[in-house]
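Letter by letter, the chains look like this.
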Amino acid sequence: MEQYVIIMNDNRQVVTTGVDLKNVAAVYNQRHSIAAVIGRKSMTKGLIAAVAKLNALDKTSESNVMVQVGQTILYTTAEPEKFLDTLTNEVNNKEFAMANDDILVSRNFYSHAEVIENTNTEEAETQA
């Protein structure tokens, strides 16, 4: 079962399994909802800065986009321009924004997102 990390508003991290990010987003984005089940936990939305697949905490060679939530940086792989446009639109219109179906971000704790320049790829292209 895939592991997820819940990043709390005070930057603490809790690991859980069995998370349906789309369902959590749907519940948290309802005007009158206060809490949602996140994997094996029930948490109020005011405590949550982000929920992401656990591997989003690690920058890999495939990672090409980063999202900063509070003091935590999350990484994913996506089509950069589409990712930035979609995330920006979601943050502007929803309390909890989905980023690439593997990161859910509270707009209250969202700082910024940016494309990661892969220097290994650039060096290979320069040498070619």
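The structure under discussion appears in the preceding block.
Structural notes, computed from the coordinates.

1. Describing the side chain of Glu-90
Then, in step 1: Here Glu-90 lies in helix H2 (residues 80-93).
Then, in step 2: Its relative accessible area of 15% is what places Glu-90 among the buried residues.
Then, in step 3: If near-sequence neighbours (up to four positions away) are discounted, Glu-90 is found in contact with Phe-96, Ala-97 and Met-98.

2. Quick notes on the sheet that holds strand E2 (residues 13-17)
Then, in step 1: If you trace the five strands from one edge of the open sheet to the other, you get E2-E1-E5-E9-E8, paired in antiparallel fashion. Looking at strand neighbours, the two that pair on one side only are E2 and strand E8 (96-99), the edges of this open sheet. Neighbour-to-neighbour, the strand axes of the sheet open up by a mean angle of 20 degrees, direction not taken into account.
Then, in step 2: Pairing between strand E1 (residues 3-8) and strand E5 (residues 48-53): five bridges, direction antiparallel. By the bridge assignment for E5, Ile-7 is matched with Ala-50.

3. Describing the packing of aromatic side chains
Then, in step 1: The full count for this structure, using the stated rule, is one aromatic pair.
Then, in step 2: Between the aromatic rings of Tyr-28 and Phe-96, the centroid separation amounts to 4.8 Å while the plane-to-plane angle is 40 degrees, which identifies the pairing as tilted. With Tyr-28 in helix H1 (residues 21-28) and Phe-96 in strand E8, this pair connects stretches of sequence that are 68 residues apart. The same class applies to Tyr-28 and to Phe-96, which are both buried.

4. Some details on the pattern of salt bridges
Then, in step 1: According to the stated counting rule, one finds five salt bridges in the structure shown.
Then, in step 2: Ionic pairing is found between Lys-53 and Glu-2, a salt bridge with its closest N-O pair at 3.8 Å. With Lys-53 in strand E5 and Glu-2 in the segment before E1, this residue pair connects regions lying 51 residues apart in the sequence.
Then, in step 3: Take Lys-53: its relative accessible area is 22%, and that puts it in the partly exposed class.
Then, in step 4: Residue Glu-2 is classed as partly exposed on the basis of its relative accessible area, which comes to 39%.

5. As for unusual backbone geometry
Then, in step 1: One non-glycine residue, Asn-11, adopts positive backbone phi at about 80 degrees.
Then, in step 2: Following the sequence through the fold, Asn-11 ends up in the loop between E1 and E2.
Then, in step 3: Even without glycine at this site, Asn-100 takes up a positive phi of about 65 degrees.
Then, in step 4: Inspection of the secondary structure puts Asn-100 in the loop between E8 and strand E9 (103-106).

6. Structural notes on the pairing of E1
Every other side chain in a regular strand lies on the same face of the sheet, so the side chains alternate between the two faces.
Then, in step 1: Of all six residues making up E1, five are buried, and the element is well covered by its neighbours.
Then, in step 2: A loop of four residues connects E1 with E2, the two strands running antiparallel in sequence, and Asn-11 in this loop sits at a positive phi of about 80 degrees.

7. Let's talk about the nonpolar core
Then, in step 1: Counting 19 residues, the largest nonpolar core has Val-67, Val-69, Leu-74, Phe-83, Leu-87 and Ile-103 as its most contacted members.
Then, in step 2: Listing elements by their share of this core, those giving two or more residues are E1, E5, strand E6 (65-69), H2, E8 and E9.
Then, in step 3: Tyr-4, Ile-6, Met-8 and Met-98 belong to the second-largest nonpolar core, a separate cluster that totals 16 residues.

About the criteria used
Residues numbered from 1 in each chain as written. Predicted model: local features only at pLDDT ≥ 70, side-chain atom pairs only at ≥ 80, totals over all residues. Heavy atoms only, no water. Helix = DSSP H or I, 4+ residues; strand = E, 2+ residues; numbered from the N terminus. Buried < 20%, exposed > 50% of the residue type's maximum accessible area, 1.4 Å probe, protein only. Contact = heavy atoms within 4.5 Å. Pairing = 2+ DSSP bridges. Axes fitted to C-alpha atoms, helices over the stretch in contact; angles between N-to-C directions. Phe/Tyr/Trp six-rings, centres within 6.5 Å; stacked < 30°, edge-to-face > 60°. Salt bridge = Lys/Arg side-chain N within 4 Å of Asp/Glu carboxyl O. Core = buried A, V, L, I, M, F, W, Y, C linked by side-chain atoms within 4.5 Å.

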